[in-house]
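# Structural characterization, general
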Amino acid sequence: MTPSSASVAHASNNDFYADNEKLYVATDCIVFGFDEGDLKLLIFKRRVEPDSGIWSLIGSFVQLDEDVNDAARRVLKEITGLDEIFLEQSKTYGKADRDPGYRCLSVAHYALIRIDDYDKELVESHGAYWYTLKDLPKLALDHDQMVADALSKLRRKARQQPIGFELLPEKFTIPQLQQLYEAIYQRELDPRNFRKKVLSLKVLVKLEEKDKSGSKRGAFLYRFDAEKYQELLESGYNFEI
């Protein structure tokens, strides 16, 4: 196989485009978590100029030998200690004046993590904190727009695929699942209709255990059947909630 001209250039440290203007490529991560009935976002105070000290999404420049998606996964691993998590590209931001530091475009990614799974000491060592969406401070650069766009994409995705399970503990109740979807959509859902709908998806396994934290009678716990979901997905099953 003949290597591409790009790979040859990189391997030999030649720059075939040296006469052209340069720009930076970054990735910024919108990290969603779910805790105590609220959808939360992981942010930290920016440590470099411009906007040093301003609350910001977690991100990094993409390295020369690194795919963009791998850069996002590296950032998440460095901050949370997690690598096996849901991660998807959201949108690319390329306005010429978006970053006063220099010409820079950013490929935003959104991630979903279980809030009890991450390395808390590692997160705190980076000065990162969880904020509910309603209490979110103003963010640096165009990061507020990134969050709004990622949330819109998350809502659209959640209507077609049960990605909400990425945010829940392994065992959960139907009311807890409903709380999550209410947090995603920012509106109340009818309990009876929601229960009927999610059970009809055929991807929940009812356990013999109960969660009695809310009442003496308790609510049955369920787990997500990822294998069954994959089978139904491949068969073209409609998962709209």
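Refer to the structure printed above.
Described below are features of the structure shown in this document. (Residues numbered from 1 in each chain as written. Predicted model: local features only at pLDDT ≥ 70, side-chain atom pairs only at ≥ 80, totals over all residues. Heavy atoms only, no water.)

### Quick look at the overall build of the protein
Scanning the protein from N- to C-terminus turns up 7 helices and 9 strands. Reported as C-alpha extents along the three principal axes, the dimensions of the protein are approximately 70 × 50 × 30 Å. Of all 241 residues assigned to the protein, the portion counted as buried reaches 40%. Across the protein, contacts joining residues at least 24 apart in sequence account for 66% of those joining residues at least 6 apart. As presented, the protein carries roughly 14300 Å² of accessible surface, and 48% of it is formed by carbon and sulfur atoms. Computing the positive centroid from 35 side-chain charges and the negative centroid from 41, the protein places the two 9 Å apart. (Helix = DSSP H or I, 4+ residues; strand = E, 2+ residues; numbered from the N terminus. Buried < 20%, exposed > 50% of the residue type's maximum accessible area, 1.4 Å probe, protein only. Contact = heavy atoms within 4.5 Å. Areas by Shrake-Rupley, 256 points an atom, 1.4 Å probe, with all protein chains shown as cover. Lys, Arg positive; Asp, Glu negative; His and termini not counted. Charge placed at Lys NZ, Arg CZ, Asp CG, Glu CD.)

### Quick look at the packing of aromatic side chains
Following the criterion strictly, the structure yields 11 aromatic pairs and no others. Here Phe86 and Tyr110 contribute two aromatic rings whose centre-to-centre distance is 5.8 Å and whose plane-to-plane angle is 50°, an arrangement assigned as tilted. One end of the pair, Phe86, is in strand 5 (residues 86-93); the other, Tyr110, is in strand 6 (residues 104-114), with 24 residues separating them in the sequence. Of the two residues examined, Phe86 and Tyr110, each falls in the buried class. Clustering of aromatic rings is evident, with ring pairs tying together Phe165, Phe172, Phe224 and Tyr229. (Phe/Tyr/Trp six-rings, centres within 6.5 Å; stacked < 30°, edge-to-face > 60°.)

### A look at the pattern of salt bridges
Scanning the entire structure with this criterion turns up 12 salt bridges. One salt bridge connects Asp83 with Lys77, and the closest N-O pair in it is separated by 3.5 Å. A salt bridge links Lys157 to Glu88; its shortest N-O distance comes to 3.0 Å. Here Glu88 lies in strand 5 and Lys157 lies in helix 4 (residues 143-160), a separation of 69 residues in the sequence. Here the salt bridges share partners, and the residues they tie into one network are Glu66, Arg74 and Glu78. (Salt bridge = Lys/Arg side-chain N within 4 Å of Asp/Glu carboxyl O.)

### Considerations on the side chain of Ser56
Mapped onto the elements of the fold, Ser56 is located in strand 3 (residues 55-56). Residue classification places Ser56 among the buried positions, given a relative accessible area of 2%. Look past the residues within four positions of Ser56 in its chain and what remains in contact with it is Ile43, Phe44, Arg46, Leu139, Ala140 and His143.

### Focus: helix 4
The end-to-end C-alpha distance of helix 4 is 26 Å, a good match for the 26 Å that 18 residues give at a rise of 1.5 Å each. Those residues of helix 4 not exposed but buried are His143, Met146, Val147, Asp149, Ala150, Leu151, Leu154, Lys157 and Ala158. Those residues of helix 4 hidden inside the fold are in contact with strand 1 (24-35), strand 2 (38-45), strand 3, strand 5, strand 6 and helix 5 (174-185). (Expected span 1.5 Å × (residues − 1).)

### Points about the packing of helix 4 against helix 5
Between helix 4 and helix 5, the shortest axis-to-axis distance is 9 Å and the interhelical angle comes to 135°. Classified by the angle between their axes, helix 4 and helix 5 sit oblique to one another. Across the interface between the two elements, Leu151, Leu154, Arg155, Ala158 and Arg159 from helix 4 touch Tyr181, Ile184 and Tyr185 from helix 5. (Axes fitted to C-alpha atoms, helices over the stretch in contact; angles between N-to-C directions. Parallel < 35°, antiparallel > 145°, perpendicular 65-115°, else oblique.)

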